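# Notes for the structure review
Listed here are the chains, written in short residue letters.
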Amino acid sequence: MSTFDGLWAELAPLGRDAGTGGYRRFAFERAELDCREWFVATARARGLDVEVDRNTNLWAWWVPAGVDPSAPALVLGSHLDSVPDGGAYDGPLGVVSAFAALDAVRAADVAPDRPVAVVAFADEEGARFGIACAGSRLMTGALDADRARGLMGRDGRTMAEAMSAAGFDPGSLGPDPERVARIGEFVELHIEQGRNLVDQGVPVGVAESIWPHGRYRLTFRGVADHAGTTRMQDRHDPMLAYARTAIAAEQAARAADARATFGRLEVEPNGTNAVPSVVRAWLDARAADQAALDDLVGRIGTSAADGARANGTQVEVVTESTTPLLTFDLPLRERVRALAGSAVGPVPVLPTAAGHDAGILTDAGVPAAMLFVRNPTGISHSPDEHAEAEDCHEGVRALAAVVGALATGAS
Ligand SMILES: [Zn+2]
């Protein structure tokens, strides 16, 4: 029914680590450049016009004869980069499905009255330079170009150096308001990063909102001492205060059906035979609404203070970044939901706890919607991430129904 399988098979080997089975497609590295070449070849094979914008996002334009190229475009797509040892679907599913949906509407002789484009946003995961959705944030102006150029990568090269090495001009980075203004609507199809669709027994859903989230740095300070000669009762060990906090955070997040993760630690002096003097711990916290998030972070802060007081250490909590609740455009969501529903049956509305380029565009005032495709285990950012082929085909059907109507002004 669809050209999805062939496109998927072409992209599947690129950047896949033979040992882990996970993907390592990091911005401006070889594997990610291979994915870009795949995008360009796929677009050209369809007679689409390929463009690399000033922020290195990739665009493939379908502007049929007689269509005003300046009319507000319907844009589909997602991203091609991955987290370290990520899954195959997070990002690429949306790009491959977009090309397959275009193939389907063209095979059905749908005649758009406005431009249609497929986009692959650059560096969505931020795996190399630490800022998620860098390509879309640069485009909308949410990420400053100077700051982006100076971001230090994990390999010790800045984004500017990495771009130059890959043949891109770092001087071109910056806001692109004309391009943003060309996007009439953006529809991003994505693998679900949870089990809502499994629980509801349906293959496709639409996004309601992106949970508010924040990153917080907790610095626990104690007294460094000898691991052998210092009696347990004489220690001021910040690791214990941290450990109590991590357990309390897990309990608080469970109770609130929210998320709290300590995924990164720095320990001083970081010696096996030394009681630490400092433990820095980074908290990623997310909840369904702002009040719930504030309450969760407040509880974790209280637990940290209690944990520190209990063994004579200190803790300081600094908020590094926060992102408020983001609600997708309601009329577009309901339109997409109805159109997708006409193709694949009931389409539930789901919240998401992950950030996406569609959220960045929504923030910039562009109507955006997301379709989710069922993930049998709910696992994402892991080689175990998966979607069944039949569900991917349902996603393409849903997206094609959306394109068929939205690109032609049909109701
Ligand atoms: Zn993604």
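Look up: the structure comes first, before these words.
In this text the structure is predicted, and so the values were computed from the model without any measurement. (Residues numbered from 1 in each chain as written. Predicted model: local features only at pLDDT ≥ 70, side-chain atom pairs only at ≥ 80, totals over all residues. Heavy atoms only, no water.)

## Focus: helix α9 (residues 238-255)
Quick note on the threshold: Secondary structure elements are taken from DSSP: a helix is a run of H or I of four residues or more, a strand is a run of E of two residues or more, and numbering for both begins at the N terminus. Helices are assigned an expected span. That span is 1.5 Å times one less than the residue count. Partly exposed describes any residue whose relative accessible area lies between the buried limit of under 20% and the exposed limit of over 50%, with all areas from a 1.4 Å probe on protein chains only and scaled to the type maximum. As used here, the arc is the angular range of directions from the helix axis to the C-beta atoms. In what follows, a contact means two residues having at least one pair of non-hydrogen atoms within 4.5 Å. Under the rule applied, a polar contact is a pair of N or O atoms within 3.5 Å (in protein, one hydrogen donor and one hydrogen acceptor; residues adjacent in sequence only if both atoms are side-chain atoms).
Under the 1.5 Å per step criterion, the end-to-end length of α9 is 26 Å for 18 residues, consistent within 8% with the ideal 26 Å. All buried positions along α9 are accounted for by P238, A241, Y242, T245, A248, A249, A252 and A253. In a view along the axis of α9, the buried residues occupy a sector of 130°, so they form one face of it. Residues of α9 that are exposed and angled more than 90 degrees away from the buried face: I247, Q251, R254 and A255. Looking at the buried side of α9, the elements it contacts are β7 (213-221), β9 (259-268), β11 (278-286) and α10 (290-310). In this structure D237 caps α9, since a side-chain oxygen of it lies 2.8 Å from the backbone nitrogen of M239. Immediately beyond the C-terminal end of α9, within one or two residues, lies D257, with a positive phi of roughly 50°.

## A look at the coordination of the zinc ion
Here is the rule we go by: With water excluded from the atoms, a metal site may look incomplete; its donors are any N, O or S atoms within 2.8 Å, or within 3.2 Å for Na, K and Ca.
Protein ligation of the zinc ion involves H79 (NE2), D90 (OD) and H190 (NE2), the donor distances falling in the range 2.0 to 2.2 Å. Each donor residue of the zinc ion lies on one chain, and together they are spaced H-x10-D-x99-H. Here D90, found in the loop between β3 (73-79) and α3 (92-107), pairs with H190, found in strand β5 (residues 183-191); they are 100 residues apart in sequence, far enough to count as distant. Residue D90 is classed as buried on the basis of its relative accessible area, which comes to 5%. You can call H190 buried: its relative accessible area is 0%.

## Description of the packing of helix α1 (residues 4-11) against helix α2 (residues 30-45)
Put simply, the rule reads: An axis is simply a line fitted to the C-alpha atoms; with a helix, the fit covers only the stretch in contact. Between two such axes, the angle follows the N-to-C directions and lies from 0 to 180 degrees. Every angle not falling under 35 degrees, over 145, or within 65 to 115 is termed oblique; those three ranges are roughly parallel, roughly antiparallel and roughly perpendicular. The sense of a crossing depends on the near helix, which, turned anticlockwise from the far helix by less than a right angle, makes the crossing left-handed and, turned clockwise, makes it right-handed. In this count, Pro and Cys sit with the nonpolar residues alongside Ala, Val, Leu, Ile, Met, Phe, Trp and Tyr, while Asp, Glu, Lys and Arg are called charged and the others, Gly among them, polar.
Where α1 contacts α2, the two axes come as close as 10 Å, and the packing angle between them is 150°. One finds that α1 runs roughly antiparallel with respect to α2. The two elements α1 and α2 cross, and the hand of that crossing is right-handed. On the side of α1, the interface is formed by L7, E10 and L11, while α2 contributes C35, W38 and T42. Grouping the amino acids of the contact of α1 with α2 by side-chain chemistry returns four nonpolar, one polar and one charged.

## Examining the side chain of S209
Relative to the helices and strands, S209 is located in strand β6 (residues 204-210). With relative accessibility at 7%, the residue S209 sits in the buried group. Residue contacts for S209: discarding those within four places in its chain leaves L325, L326, T327, F328, L350, P351 and T352.

## Looking at the sheet that holds β9
Put simply, the test is: What makes two strands pair is DSSP finding at least two bridges between them.
Spatially, the four strands line up as an open sheet ordered β9-β11-β7-β12, and their pairing is antiparallel. A single partner strand is all that each edge strand has here, and the edge strands are β9 and β12 (314-323). Each strand axis lies, on average, 20° off the axis of its neighbour in the sheet, ignoring direction. The pairing of β7 with β12 spans nine bridges and is classified as antiparallel. Looking at β12, one finds that L218 is bridged to V317.

Just distances and angles here, no functional claims.
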